[in-house]
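Structural overview for review
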Amino acid sequence: MEQLTLEQRMDCARRSWQAEQDRREIEMLTLTYPGLDREEGYAVQELRNQLVEQAGHRVVGYKLGSTSLRKRQQMGTTASSYGRLYEYMAIPPGQPLELDRFIHPKVEPEITFVLGRDLCGPNVTAAQVMAAAECVVCSLEVIDSRYVNFKFTGGDVVSDNISGGAYVLSGQKYDPKELDLELLGVRLAVNGVDQGYAACCEVLGHPARALAEFANIFFRRTGQPIRAGQFVMTGGITQSITLSRGDHVSARFAHMGEVTLDVI
Ligand code: OOG
Ligand code: MG
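As a starting point, this report considers the structure included with it. (Residues numbered from 1 in each chain as written. Chains lettered and ligands numbered in written order. Predicted model: local features only at pLDDT ≥ 70, side-chain atom pairs only at ≥ 80, totals over all residues. Heavy atoms only, no water.)

**Concerning the site of ligand 1**
To be explicit about the condition: Here a residue is considered near a molecule or strand provided that any single heavy atom belonging to it is located within 4 Å of it. Throughout this description, a polar contact denotes any pair of N or O atoms lying within 3.5 Å of each other; where both atoms belong to protein, one of them has to be capable of donating a hydrogen while the other can accept it, and for residues adjacent in sequence the pair is counted only when both atoms sit in side chains. Working definition of accessibility: Shrake-Rupley area with a 1.4 Å probe, residue cover restricted to the visible protein chains. The secondary structure listing takes helices from DSSP runs of H or I that are at least 4 residues long and strands from runs of E that are at least 2 residues long, numbered from the N terminus. The residue classification treats Ala, Val, Leu, Ile, Met, Phe, Trp, Tyr, Cys and Pro as nonpolar and Asp, Glu, Lys and Arg as charged. All others, Gly included, are polar.
Within the structure, ligand 1 sits among 17 residues, and Ser 66, Glu 108, Glu 141, Ser 163 and Gly 236 are positioned closest to it. Contacts to ligand 1 include Leu 64, whose backbone N or O atom sits 3.4 Å from an oxygen atom. For ligand 1, an oxygen atom lies 2.7 Å from a polar atom in the side chain of Glu 108. Considered on its own, ligand 1 offers 320 Å² of accessible surface; in the complex 98% of this is hidden by protein. Elements that contribute at least two residues to the shell around ligand 1 include exactly strand S1 (59–65), helix H4 (69–75), strand S3 (106–115) and strand S4 (133–143). Considering each element in turn, the shell around ligand 1 owes the most residues, 3 residues, to S1. The residue makeup of the shell around ligand 1, split by class, is 7 nonpolar, 5 polar and 5 charged.

**As for the side chain of Asp 247**
Heads up, the rule is: Partly exposed residues are those whose accessible area sits between 20% and 50% of the maximum for their type, while under 20% is buried and over 50% is exposed, using a 1.4 Å probe and protein chains only. Under this rule, positive means Lys or Arg and negative means Asp or Glu; His and the chain ends count for nothing. One side-chain nitrogen of Lys or Arg within 4 Å of one carboxyl oxygen of Asp or Glu is enough to make a salt bridge. Contact criterion: two residues are considered in contact whenever any of their non-hydrogen atoms come within 4.5 Å of each other.
Tracing the backbone through its elements, the reader meets Asp 247 in the loop between strand S9 (241–242) and strand S10 (248–253). For the buried Asp 247, which has no salt bridge, the nearest side chain bearing the opposite charge is Arg 245, at an N-O separation of 10 Å. A distance of 2.8 Å separates a polar side-chain atom of Asp 247 from the backbone nitrogen of Ser 244. When residues no more than four places from it in sequence are discounted, the contact partners of Asp 247 are Val 190, Asn 191, Thr 242, Leu 261, Asp 262 and Val 263.

**Looking at the packing of aromatic side chains**
Short version of the rule: Stacked, edge-to-face and tilted labels apply to pairs of Phe, Tyr and Trp rings (six-membered ring for Trp) whose centres lie within 6.5 Å, assigned for plane angles under 30 degrees, over 60, and everything in between, in that order. Placement of a positive charge over a ring is assigned whenever Lys NZ or Arg CZ falls within 6 Å of the ring centre and within 35 degrees of the normal to the ring plane.
This structure, assessed with the given rule, holds 11 aromatic pairs. Chaining the aromatic ring pairs together yields one cluster made of Tyr 42, Tyr 62, Tyr 82, Phe 214 and Phe 218. Above the face of the Phe 150 ring, Lys 106 is positioned so that its terminal group lies 4.2 Å from the ring centre. Cation over ring: Arg 221 sits above Tyr 42, and NZ or CZ is 3.8 Å from the ring centre.

**A look at the coordination of the magnesium ion (ligand 2)**
Test applied: Note that water is not among the atoms used; donors are N, O and S atoms within 2.8 Å of the metal (3.2 Å for Na, K and Ca), so sites may look incomplete.
Ligation of the magnesium ion (ligand 2) by protein atoms is provided by Glu 108 (OE), Glu 110 (OE) and Glu 141 (OE), these donors lying 1.9 to 2.1 Å from the ion. Spacing between the donor residues of the magnesium ion (ligand 2) along the chain follows E-x1-E-x30-E. With respect to burial, Glu 108 and Glu 110 carry one shared label: buried.

**Digging into the sheet that holds S10**
Counted only if it meets this: Note on pairing: DSSP must find at least two bridges between two strands before they are called paired. The axes used here are C-alpha line fits, helices contributing only the stretch in contact, and every angle between their N-to-C directions lies in the interval 0 to 180 degrees.
One open sheet accounts for 4 strands, arranged S7-S6-S10-S11; its pairing is antiparallel. In the strand order of this sheet, the two ends are held by strand S7 (193–199) and strand S11 (257–262), each with one partner. On average, adjacent strands in this sheet sit at an angle of 15° to one another, irrespective of strand direction. In the sheet, S10 pairs with S11 via 6 bridges, with the strands oriented antiparallel. Its bridge partner lying in S11, Ser 250 is registered against Thr 260.

**Here's the deal with the pairing of S1**
Of all 7 residues in S1, 7 are buried, a share of seventy percent or more. Two strands pair when backbone bridges link them, and S1 and strand S2 (residues 81–86) are joined in this way by 6 bridges, in the antiparallel orientation. Bridge assignment links Leu 64 to a residue of S2, and that residue is Tyr 82. Sheet topology note: the S1/strand S8 (residues 231–233) ladder contains 3 bridges and is parallel. By the bridge assignment for S8, Lys 63 is matched with Met 233.

**Points about unusual backbone geometry**
The linkage connecting Gly 121 with the following residue, Pro 122, adopts the cis geometry, with an omega of 10°. Here Pro 122 shows up in the loop between S3 and helix H5 (126–132). Of note in the backbone geometry, Ile 162 takes a positive phi value of approximately 35° without being a glycine. Here Ile 162 shows up in the loop between helix H6 (154–159) and strand S5 (164–169). Even without being a glycine, Ser 163 presents a positive backbone phi close to 65°. On the secondary structure map, Ser 163 appears in the loop between H6 and S5. Relative accessible area serves as the criterion here: at 3%, Ser 163 is assigned to the buried category.

As structure tokens, this is what we get:
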């Protein structure tokens, strides 16, 4: 397949970022650029990141995509992916989500690591992730693909910062070494109706393993570490659920309490 020119990659980056700012659906970029595969998508994501930073925003962390079996089944993919999290996406615990600020948002529960030390690939192990973590927190991610009907190819979704929309990080911090992060259970409910149950081993066997793989891939692609102070959301553990106005979302995690989100 034809590689994209810099101009074409920049066009992709602009369309996705503009759609996020306008809260507007766009057609898949691969309809214009059939050569936009995952690798090209990461080149687009780098350019998109420059646009977001030029707009005055800054990367505060990363998000992993399709790391769990449930999410892979839901999205019809077998490959995990990553995107960037920015300061403007944060929803402080207790603050509602304004539906009008999004296109067609969905929510999913995730384990998030906050790093106390840099994680520098290319040979990071899950044990090193556990040692480098300052803490883990339970969290909700709001994904909001810019594409019509939330449908896309791998190249499209990577170009689109893998649907990054917003996130809620619980204020309660835990030492990952004092939790059984492999078997830890999660129960997701909306308006009191259960929507999913899972254990964190859904996420590549262990969330720390997902983060280790990410640190290595990120280093190979960019030559950069994941830095102390940054956080990494390790990927939806259950399927994601479409949000509607008035929804009360609750994700209860064994031994870690609950993280909630109200939609207005
Ligand atoms: C991409 C984002 C996936 C996750 O946790 O799996 C993601 C998508 O829209 O599927 O955030
Ligand atoms: Mg996610």
